[in-house]
Amino acid sequence: MKKIAILGLVLALVLAFFAFDLNQVLTLEGLKAGLAQIRTLRTESPVMVALVYFAGYVLVTALSLPGAVIMTLAGGALFGLAGGTLIVSFASSIGATLAFLASRFLLRDLVQARFGNRLKAINEGMAKDGPMYLFTLRLVPLFPFFLVNLLMGLTPIRTVSYYWVSQLGMLAGTLVYVNAGTQLAQITSLSGILSPGLLLSFVLLGLFPMLAKRLASFVQNRRVYAKWQRPKTFDRNLVVIGGGAAGLVTSYIAAAVKAKVTLIEAHKMGGDCLNYGCVPSKALIKSARIAHQMRHAENYGLSAVDPKFSFSKVMARVQAVIATVAPHDSVARYTELGVEVLEGYAKIVDPWTVEIKLNNGDTQRLTTRSIVIAAGARPFVPPLPGLDDVGYVTSDTLWDEFAKLDAPPARLVVLGGGPIGCELAQSFARLGSKVTQIEMAPRLMLREDLEVSELARDALTRDGIEVLTGHKALRCEKDGERKFIVVEHQGAEQRIAFDALLCAVGRVARLQGYGLEELGIPTERTVTVNDTLATLYPNIYAAGDVAGPYQFTHTASHMAWYAAVNALFGDFKKFKVDYSVVPWATFIEPEVARVGLNEQEAREKNIAFEVTKYGIDDLDRAIADGVAQGFVKVLTVPGKDRILGVTIVGEHAADVLAEFVLAMKHGLGLNKILGTIHTYPTLAEANKYAAGEWKRAHAPQKVLAWLQRFHAWKRG
Ligand SMILES: Cc1cc2nc3c(=O)[nH]c(=O)nc-3n(C[C@H](O)[C@H](O)[C@H](O)COP(=O)(O)OP(=O)(O)OC[C@H]3O[C@@H](n4cnc5c(N)ncnc54)[C@H](O)[C@@H]3O)c2cc1C
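**Let's talk about the site of the ligand**
Argument step 1. What surrounds the ligand is a group of 39 residues, the closest being Glu265, Asp272, Lys282, Asp545 and Thr553.
Argument step 2. Within the backbone of Asp545, one N or O atom sits 2.8 Å away from an oxygen atom of the ligand.
Argument step 3. His554 is positioned with one of its side-chain polar atoms (N or O) 3.3 Å from an oxygen atom of the ligand.
Argument step 4. When isolated, the ligand has an accessible area of 1,000 Å², and the protein chains bury 94% of it.
Argument step 5. Elements with a contribution of two residues or more to the shell around the ligand: α10 (245-256), β2 (261-265), α11 (271-275), α12 (278-295), β3 (340-350) and α20 (553-569).
Argument step 6. For the shell around the ligand, the residue count by class is 18 nonpolar, 14 polar and seven charged.

Right, here's the structure in full:
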């Protein structure tokens, strides 16, 4: 009841404001028109005018009415710089706090519904840094102040804190605007417009947001660095921790722009991609694929053969491929490029110092202006009872462990139905292992659309893999030399015997042991970074798997550019990392590749879309190559050819996708793809045909009907 009464009063005041056309008064013209009159009044009864002005200001801000800026300018014009600042500072803070309270007690539901998206950002900021966040919001006018009041009322901040932080944060802005108001009062003639004082005030108004941003980050930095002693000079411009894709590209860029950079790698140059990830897995996939083709050679008019091979030679080839690629990432190459490479384990000891335990046993300390953490990720091993007893491999250990075997494991359990699990399960099945793949989720490759998961499942099943989705691994057991994994499905337990178990249930960022804890650098699943990839410390950045949100080599390199440039040149300009067009692929057969949204993501994000699909079973080249399966699925903005996302399933899908990646990156629509000549016969033609499908569905039916009549008329 009380709520309704207050709400009624607020509404009545707002209505009165508009009914009496006060919004017209609170304009620059209105202010100038009435200024002389108010000034006369002020000379006659200064206290009364000040009180009325104060009350009016409080009312306008408390009711979130338009006109606070004009009121502030008027404050300067009427009461001068000191008096105006004093009055406005208190009036605006009281008004803001009243609006904040009104929102807290009255408008909670309404504001939540109307500005829910913005509220999310504010809540995240509040959770991280409470009053400091509010201070920054007040200082840097990114959000309109009335919105800050309304949205802050929905956060748990205390009213007293809200008041004083607001007053302090708004002071600089108040000064700038009141000062501009004092100058406004001087304009009595045309020449007044060009007075140096007024020009300076306008310059200040323009520069204020930038200066305020600088001030906010200065205050923030002082807090963050308070307990550390900054060196007077630095040994390096940049120290990079980790020699995987992210670290290599970061140090490459730093050296290219002539910075003094040291790259530290604890283990193997090239990181996971070269040594345990992309490169060995793709080498293995190739051998497995050839074995599969030999077995199915009759599809091509040849005699099928059961491939005879030495598994150790297959694994030796994998190592040979790694060795051939390794020089690209080697110490020698990077040294030649101008990067100092140290082989050892790095630890950040303070925001500007890195200590390295060199592999030769020595210890070295380097001071540096900036640090980029590129420490990568490692396989996650689930806490499964009995797992250590039965033994397991991960993508890290599999290449060495299996290289010791004469033949692929007879019975292999692959735990995990994500991309890595699927790629390795298919490869080992094709090399002759009896593979059982266990996934807790209801389907494989959960991030992809349902039909993609189903195609993947069909493909793996055709290769002889027993795919157990919706199966939860409970424990491992040993019976003499025999090993089992026990899984549960719909309440029933099943015991699966195996010879080897591969854990591929995801990868977790490396977060321990190199100084993050001691420096208090926040982490969640990954190192917490802002959109310029800076950590809590503005001179320490993170890139690649250690920082997420994607775990790919190409995203690691992409992030590395931002980390390197921001770390070296951030004093002048910082770039926000752009994840708007990120492609990826899963290299099973048929390959699955995606860029942008798929249907399930578009629905989750409530983004309207149209789907156009072209079946690759119809594509000449795919038919000739005996790979006529899969599709190109394009999501577009309804009624437009703008591409929101593409999923391709089929032979060389990842390569075929590149055209769409380019199109999305540079804003080219399906009409442009349709208007481009594609070589015949290629797999890439599928893209053009998908664009053609879209065009057909959007053909202007009315115009076509008229054309039909026109042609009929021409025929006579
Ligand atoms: C089986 C498998 C297949 C994959 N296939 C693909 C694929 O086809 N395409 C794709 O894009 N991605 C693929 N990935 C993912 C890809 O490997 C990673 O995304 C990529 O390696 C991430 O690079 P990074 O530089 O962030 O980390 P990493 O490559 O992990 O490099 C981090 C490096 O930091 C070092 N390090 C850590 N801490 C310290 C320290 N304190 N001091 C010194 N050095 C340190 C580590 O030794 C490591 O070498 C695959 C991964 C796996 C496991």
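Back to the write-up after that little detour.
**Quick word on unusual backbone geometry**
Argument step 1. In this chain, Glu589 is followed by Pro590 through a cis amide linkage whose omega measures 0 degrees.
Argument step 2. Within the secondary structure, Pro590 sits in the loop between β16 (583-586) and β17 (591-596).
Argument step 3. That bond from Tyr680 to Pro681 is cis: its omega, -10 degrees, falls within 30 degrees of zero.
Argument step 4. Looking at the secondary structure, you find Pro681 in the loop between α24 (670-674) and α25 (685-697).
Argument step 5. If you check the backbone angles, Gln490 has positive phi at about 50 degrees while not being a glycine.
Argument step 6. Mapped onto the fold, Gln490 is located in the loop between β11 (482-489) and β12 (492-498).

**What about the sheet that holds β11?**
Argument step 1. Read from one edge of the open sheet, three strands run β10-β11-β12, paired in antiparallel fashion. Looking at the sheet topology across the chains shown, the edges are occupied by β10 (472-479) and β12. Strand after strand, the sheet turns through a mean of 25 degrees between neighbouring axes, direction not considered.

**Considering the state of the cysteines**
Argument step 1. Inspection of the entire model under this criterion finds one disulfide.
Argument step 2. A disulfide-free cysteine, Cys476 has its sulfur positioned 8.0 Å from the sulfur of Cys503, the nearest such atom.

**So, the sheet that holds strand β9 (residues 466-469)**
Argument step 1. The four strands lie next to each other as β9-β8-β7-β13, forming an open sheet whose pairing is parallel. Each edge of the open sheet carries a strand with a single partner, namely β9 and β13 (500-503). Averaged over all pairs of adjacent strands, the angle between their axes in this sheet comes to 15 degrees, without regard to strand direction.
Argument step 2. In this fold helix α17 (residues 419-430) packs onto β7 (411-415), β8 (434-439) and β13, with an angle of close to 165 degrees to the strand it touches most, β8.

**Describing the environment of Thr27**
Argument step 1. With respect to the helices and strands, Thr27 occurs in the loop between α2 (22-25) and α3 (28-44).
Argument step 2. Given the relative accessible area of 22%, Thr27 is considered partly exposed.
Argument step 3. For the pair Thr27 and Ala68, spaced 41 residues apart in sequence, the C-alpha separation works out to 10.0 Å.

**A closer look at the nonpolar core**
Argument step 1. Counting 56 residues, the largest nonpolar core has Leu238, Ile373, Tyr537, Ile540 and Val546 as the members making the most contacts within it.
Argument step 2. Looking at this core element by element, the count peaks at six residues for α20.
Argument step 3. Setting aside chain neighbours within four positions, we find Ile373 in contact with Ile241, Ile348, Tyr514, Leu516, Ile540, Tyr541, Ala542, Ala543 and Val546.
Argument step 4. Core analysis: the second largest hydrophobic core is formed by 38 residues, Leu274, Ala291, Val318 and Val435 among them.

**Structural notes on the pairing of β2**
Argument step 1. Among the five residues of β2, five are classified as buried, and the element is accordingly described as predominantly covered.
Argument step 2. Where strand β1 (residues 236-241) meets β2, four bridges bridge the pair, whose relative direction is parallel. Residue pairing in the sheet places Ile241 in a bridge with Ile264 of β2.
Argument step 3. Once you follow β1 into α10 and on to β2, the crossover reads as right-handed.
Argument step 4. Two elements, β2 and β3, share four bridges in a ladder whose sense is parallel. The residue of β3 that forms the bridge with Leu263 is Val341.

**Some remarks on the environment of Leu444**
Argument step 1. If you trace the backbone, Leu444 turns up in the loop between β8 and α18 (450-462).
Argument step 2. Spatially, the C-alpha atom of Leu444 lies 51 Å from that of Gly169, the residues being 275 residues apart in sequence.
Argument step 3. In this structure Leu444 touches Gly417, Cys422, Gln437, Glu439, Ser453, Ala456, Arg457, Leu460, Val467 and Thr469, once residues within four positions along its chain are discounted.

The rules behind these values
- Residues numbered from 1 in each chain as written.
- Predicted model: local features only at pLDDT ≥ 70, side-chain atom pairs only at ≥ 80, totals over all residues.
- Heavy atoms only, no water.
- Near = heavy atom within 4 Å.
- Polar contact = N/O pair within 3.5 Å; in protein donor to acceptor, adjacent residues only side chain to side chain.
- Areas by Shrake-Rupley, 256 points an atom, 1.4 Å probe, with all protein chains shown as cover.
- Helix = DSSP H or I, 4+ residues; strand = E, 2+ residues; numbered from the N terminus.
- Nonpolar A, V, L, I, M, F, W, Y, C, P; charged D, E, K, R; others polar.
- Pairing = 2+ DSSP bridges.
- Axes fitted to C-alpha atoms, helices over the stretch in contact; angles between N-to-C directions.
- Disulfide = S-S within 2.5 Å.
- Contact = heavy atoms within 4.5 Å.
- Buried < 20%, exposed > 50% of the residue type's maximum accessible area, 1.4 Å probe, protein only.
- Core = buried A, V, L, I, M, F, W, Y, C linked by side-chain atoms within 4.5 Å.
- Right-handed = clockwise from strand over helix to strand, strands pointing away.

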